[in-house]
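# Residue-level structural notes
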Amino acid sequence: MERFHIPFPARINRLGELATDVWWSWQPGARALFRRLDLGVWRATAHNPARMLRTLGADVLQRAADDPEFVRLYDTAVAGLDAAREARGSWFATDGPDVQGKVIAYFSAEFALHQSLPIYAGGLGVLAGDHCKEASDLGVPLVGIGFMYPQGYFHQRVSNDGWQQEHYERINWADAPIETAITPDGRPCITSVPLGDRTVHVAVWRVRVGHVRLYLLDTDLVENAPWDRELSARLYGGDRETRIQQEVILGIGGVRVLRAMGIEPAVWHLNEGHAAFVVLQRIREFIEQGYSFDDALEAVRKSTVFTTHTPVPAGHDAFPYQLVEKHLAGCWGELGPHRPRFLALGEHDNGHGSQFNMTALAMRAAGGINAVSELHGHVTREMWQPMWPDRPVDGVPVQAITNGVHVPTWVAADMRELLTTHLGDDWIRRVDDPEVWRRFDAIPDADLWQVRLTLRAHLFGFIRERARQRWTVERVAPSRIVTHG
């Protein structure tokens, strides 16, 4: 995929590499680098450096290469990127000597890394994206598996009479921080997934997130039928039949992608039930190696972790058995004789009759299950207690690990500067150290309030400008545009 139309000056020849590794997005120095390149274009491209570099002329790039301050920022950013990719001096490198070389495969239907890659809808994606970023900072060998949705998630508009309007817009791939995934033998990674009575071909894109790799599956290939090309078009789009087909491709196709890329995970993490068909593919692989069904299931359990997020029964994907049988028809292989036992792993009745429930499948096949807060842990144990009828609610094997955030992503630059001044240069690497936060009380109230006022002013300025831009496009009355704000 040709991305940049002009060569970069030799002195800053890795600028494009910086722009297409999402690592830059939480690095103040890297962000300052792109702002210095051209502040107006930086803002006009919504802080998307890949898109920005495609719009700049050779003269702008040469001036940057001749600017000592820009070159200083560039050298610092490149050195930081290299250190992040190699995990030099990371927590994992120093504290995890017994598990070096092990890989965690992290499956999720959505990943929120940056607005230049709109393949997320909400909290599930934000958590997955933050996990990737934190794993990079810590040097944890995590590999993500998700979907490359060419139409992303819909843009929301609210009409003048208060109704939500949905608008899908195809991603301009040259502006997104993605590249073709290349297998160890040097070929673009394309795998195939049996789906019903046919085969769907799946291309793979790679996203660099510092030390972390994210592989995104894409069915929009000319080899596929038109309806199969649309399977990965939208996040959470279509009906139940579309959803189960997407989940077959994510789970079974995701395992096959990891095999094609030569990656052998030690731990398989399923972020919500969307990815639970990973279990089917892995049990099938073990049986084809000579395992019994029970031994294969036990091997899967020992290396599978499941995180559930949804606190209401209706939020968990469940499908009629005939729909499951229809779309898994070509997936069984030597697992076929054990089909009833596999289907029993997903059996659950939430009060509307027995169906194949993806969360139930994941729970029965995982060695570790966690909810995302203490309260959610209690709700989850109560909701799923019928799966363990011989245990009281408190005995249901669901732990609670409270969701966190990737601090460098979510702390505003003004607040980060204030905290650095009062907590020390290393506070952001020690956010889990209580001693760091004991210093917080020493920050003058007036300083905190001033930062609060500054950030509020930024927010209202952003809202006013966004409204003016929108109303201009919609050609509303000039008086409304002028008087707003």
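The following refers to the structure shown. (Residues numbered from 1 in each chain as written. Predicted model: local features only at pLDDT ≥ 70, side-chain atom pairs only at ≥ 80, totals over all residues. Heavy atoms only, no water.)

### Side note on the pattern of salt bridges
One pass over the full model with this rule turns up 26 salt bridges. For the salt bridge of R63 with D59, the shortest nitrogen-to-oxygen distance reads 3.8 Å. Taken together, the positions of R63 and D59, both in helix α5 (residues 58-65) and four residues apart, correspond to about one turn of that helix. Take R63: its relative accessible area is 53%, and that puts it in the exposed class. With a closest N to O distance of 2.5 Å, E179 and R206 form a salt bridge. Of the two residues, E179 sits in strand β5 (residues 179-180) while R206 sits in strand β7 (residues 198-209), which places them 27 residues apart along the sequence. In this structure E179 comes out as partly exposed when scored by relative accessible area, which is 25%. Classification of R206 by relative accessible area gives partly exposed; the value is 21%. (Salt bridge = Lys/Arg side-chain N within 4 Å of Asp/Glu carboxyl O. Helix = DSSP H or I, 4+ residues; strand = E, 2+ residues; numbered from the N terminus. Buried < 20%, exposed > 50% of the residue type's maximum accessible area, 1.4 Å probe, protein only.)

### So, the sheet that holds strand β13 (residues 354-357)
Across the sheet, which stays open at both edges, the three strands sit in the order β11-β13-β12 with antiparallel pairing between neighbours. Each end of this open sheet is capped by a strand with a single partner; those strands are β11 (318-319) and β12 (347-349). Sheet topology note: the β11/β13 ladder contains two bridges and is antiparallel. The residue of β13 that forms the bridge with F319 is F356. Each of β11, β12 and β13 is contacted by helix α15 (residues 358-365), which is oriented at about 65° to β13, the strand it contacts most. (Pairing = 2+ DSSP bridges. Contact = heavy atoms within 4.5 Å. Axes fitted to C-alpha atoms, helices over the stretch in contact; angles between N-to-C directions.)

### Considerations on the pairing of β7
For β5 and β7, the ladder comprises two bridges, and the chain directions are antiparallel. Looking at the pairing, E179 lines up with R206 of β7. Of the strand pairs in this sheet, strand β6 (residues 190-195) and β7 are connected by six bridges, and their pairing is antiparallel. Among the inter-strand pairings, P194 is bridged to a residue of β7, identified as T199. The antiparallel hairpin formed by β6 and β7 contains two residues in its connecting segment, where G196 sits at a positive phi of about 65°. As paired elements, β7 and strand β8 (residues 212-218) share seven bridges and run antiparallel to each other. In the strand pairing of β8, A203 is matched with D218.

### Re helix α8 (residues 123-138)
Since the α-helix packs 3.6 residues into each turn, any two residues three or four apart lie on the same face. With 16 residues, α8 ought to run about 22 Å at 1.5 Å a step, and its terminal C-alpha atoms sit 22 Å apart, in line with that. Those residues of α8 that sit buried are L124, G125, L127, A128, G129, D130, C132, K133, A135 and S136. The inward-facing, buried residues of α8 contact β1 (104-107), β2 (142-147), β7, β8, β9 (267-271) and α17 (407-410). Just beyond α8, the residue with positive phi is G139, at close to 80°. (Expected span 1.5 Å × (residues − 1).)

### Some details on the nonpolar core
Core analysis: the biggest nonpolar cluster contains 123 residues, and L15, L37, F107, F277, I283, L328 and F342 have the highest contact counts within it. Among the elements that line this core, the one with the most residues is helix α10 (residues 240-260), at eight residues. Setting aside its immediate chain neighbours within four residues, F277 contacts I244, E247, V248, G251, I252, L328, F342, F356, M358 and L361. Counting 10 residues, the second largest nonpolar core, distinct from the first, contains L423, V436, L448 and V451. (Core = buried A, V, L, I, M, F, W, Y, C linked by side-chain atoms within 4.5 Å.)

### Remarks on unusual backbone geometry
Its identity as a non-glycine residue notwithstanding, A46 has a phi of 55°, on the positive side. Take A46: it is sitting in the loop between α3 (39-44) and α4 (49-55). If you check the backbone angles, E272 has positive phi at about 80° while not being a glycine. As for its position among the elements, E272 is in the loop between β9 and α11 (278-288). Taking relative accessible area as the criterion, E272 reaches 6% and is therefore assigned buried.

### Focus: the environment of N350
Structurally, the position occupied by N350 is in the loop between β12 and β13. Spatially, the C-alpha atom of N350 lies 9.5 Å from that of A318, the residues being 32 residues apart in sequence.

### Considering α5
Of all the residues in α5, the buried ones are V60, L61, A64 and A65. Mapping the buried residues of α5 onto a view down its axis gives an arc of 140°, with all of them on the same face. Elements in contact with the buried residues of α5: α1 (15-19), α2 (28-37), α4 and α6 (68-86). (Arc of directions from axis to C-beta.)

### Here's the deal with the packing of α10 against α11
Remark: α10 packs on α11, axes separated minimally by 6 Å, with the N-to-C direction vectors making an angle of 55°. When the interaxial angle is binned, α10 and α11 end up oblique. Here α10 runs over α11; the crossing is right-handed. Seen from α10, the contacting residues are G251, I252, V255, R256 and R259; seen from α11, they are V278, L280, Q281, R282, R284 and E285. When grouped by side-chain class, the residues that make up the contact of α10 with α11 number four nonpolar, two polar and five charged. (Parallel < 35°, antiparallel > 145°, perpendicular 65-115°, else oblique. Left-handed = near helix turned anticlockwise from the far one by under 90°. Nonpolar A, V, L, I, M, F, W, Y, C, P; charged D, E, K, R; others polar.)

### Here we look at the pairing of β13
By the bridge criterion, three bridges tie β12 to β13 in an arrangement that is antiparallel. Bridge pairing in β13 links D349 to S354.

### A word on the packing of aromatic side chains
The tally for this structure, following the rule as stated, stands at 16 aromatic pairs. With a centroid separation of 5.3 Å and 65° between ring planes, the pair formed by F4 and F8 is classed as edge-to-face. F8 shares its class with F4; the two are buried. When the ring of W24 is compared with that of F34, the centres are 6.0 Å apart and the planes differ by 75°; the resulting orientation is edge-to-face. Here F34 lies in helix α2 and W24 lies in the loop between α1 and α2, a separation of 10 residues in the sequence. With relative accessibility at 2%, the residue W24 sits in the buried group. What makes F34 buried here is its relative accessible area of 1%. (Phe/Tyr/Trp six-rings, centres within 6.5 Å; stacked < 30°, edge-to-face > 60°.)

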